[in-house]
Amino acid sequence: MTRDEFNTFCASLKATSHVVQWGNADVWKVGGKVFAICGWNDGTDAFTFKATDLAYEVLQDQPGIRPAPYLASRGMKWLQVYDERGMSDASLRDHIVTSYEMVVAKLTKKMWAELGL
């Protein structure tokens with residue numbers, strides 16, 4: 001997946017917003033909460049997302065995937081795909097959707113209504 005494809009995909013999810021921060025990273029949010037990031041890998045594209053407990057345990061040691069720098073070191077279960085052999089584009093899209101859904105699930109009902117979710 002390229003950075004442009006990543007941004008197009010994240011933009012297709014309902015009620016998302018995009019900012020560029022943290023050293024030129026594309027940061028995608030829903031309800032003001034981050035669900036996906038592209039950046040943070042020595043100038044090459046790396047894709048970071050919130051993971052389920054199971055996905056985190058299974059994927060963190062796979063080639064091309066690692067616990068996300070900064071986020072995982074703070075006890076959060078975020079993964080970073082930093083090499084194309086880490087996972088297919090389809091699997092990456094599935095994990096981004098899961099991350100998005102995990103963030104949406106923790107938003108307040110008031111925020112859901114404001115965002116039209």
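All of these numbers come straight from a predicted model, not from anything done at the bench. In this convention, every chain numbers its residues from 1, walking through the sequence in written order. Owing to the predicted nature of the model, reporting of local features is limited to residues with pLDDT of at least 70; listing and counting of side-chain atom pairs is limited to 80 or more, with chain, interface and lining totals taken over all residues. Values shown for side chains rest on all heavy atoms present in the structure; no hydrogens or waters enter the calculation.

Caption draft 1: Fine view of the packing of aromatic side chains. Two aromatic rings from Phe, Tyr or Trp, using only the six-membered ring of Trp, form a pair when their centres are within 6.5 Å; if the ring planes differ by under 30 degrees the pair is stacked, by over 60 it is edge-to-face, and anything between is tilted. A full pass over the atoms with the stated rule returns two aromatic pairs. Between Phe6 and Phe47 the ring centres are 5.4 Å apart and the planes differ by 40°, which places this aromatic pair in the tilted class. Of this pair, Phe6 sits in helix α1 (residues 3-12) while Phe47 sits in strand β4 (residues 47-50), and the two are 41 residues apart along the sequence. An identical accessibility class is assigned to Phe6 and Phe47; each is buried. Considering the side-chain rings of Phe35 and Tyr100, the 5.3 Å spacing of their centres and the 80° angle between planes classify their relative orientation as edge-to-face. With Phe35 in strand β3 (residues 33-38) and Tyr100 in helix α3 (residues 89-105), the pair connects residues that are 65 residues apart, well separated along the chain. Placement of a positive charge over a ring is assigned whenever Lys NZ or Arg CZ falls within 6 Å of the ring centre and within 35 degrees of the normal to the ring plane. Here Arg66 stacks its cationic end above the ring of Tyr82, 4.3 Å away from the centre of that ring. By the criteria applied, helices consist of DSSP H or I runs no shorter than four residues and strands consist of E runs no shorter than two, each listed in order from the N terminus. Relative accessibility under 20% of the residue-type maximum defines a buried residue, over 50% an exposed one, and the middle range a partly exposed one, all with a 1.4 Å probe and only protein chains included.

Caption draft 2: Summary view of the sheet that holds strand β1 (residues 16-21). Ordered by their spatial adjacency, six strands build an open sheet running β1-β2-β3-β4-β6-β5, and the pairing between neighbours is antiparallel. With one partner strand each, in any of the chains shown, β1 and β5 (65-67) form the two edges of the open sheet. Across the sheet, the axes of successive neighbouring strands diverge by a mean angle of 25°, strand direction being ignored. DSSP bridges decide pairing: two strands pair if at least two such bridges lie between them. The pairing of β1 with strand β2 (residues 25-30) spans six bridges and is antiparallel. Bridge assignment links Val19 to a residue of β2, and that residue is Val27. A fitted line through C-alpha atoms represents every axis, and for helices the fit uses only the stretch in contact; the resulting angles, taken between N-to-C directions, go from 0 to 180 degrees.

Caption draft 3: Highlighting the nonpolar core. Think of a nonpolar core as a cluster: buried Ala, Val, Leu, Ile, Met, Phe, Trp, Tyr and Cys residues, connected wherever their side-chain atoms sit within 4.5 Å. With 26 residues, the main nonpolar core has Phe6, Phe35, Leu92 and Ile96 as its most contacted residues. Elements that contribute at least two residues to this core include exactly α1, β2, β3, β4, α2 (53-59), β6 (78-81) and α3. Among the elements that line this core, the one with the most residues is α3, at five residues. Residue contacts are defined here by distance: any two heavy atoms, one from each residue, within 4.5 Å place the two residues in contact. Non-local contacts of Phe6, meaning those with residues more than four positions away in its chain, are made with Met1, Asp26, Trp28, Ala36, Ile37, Cys38, Phe47 and Ile96. Membership of the second largest hydrophobic core comes to six residues, among which are Ala25, Val27, Ala68 and Leu71.

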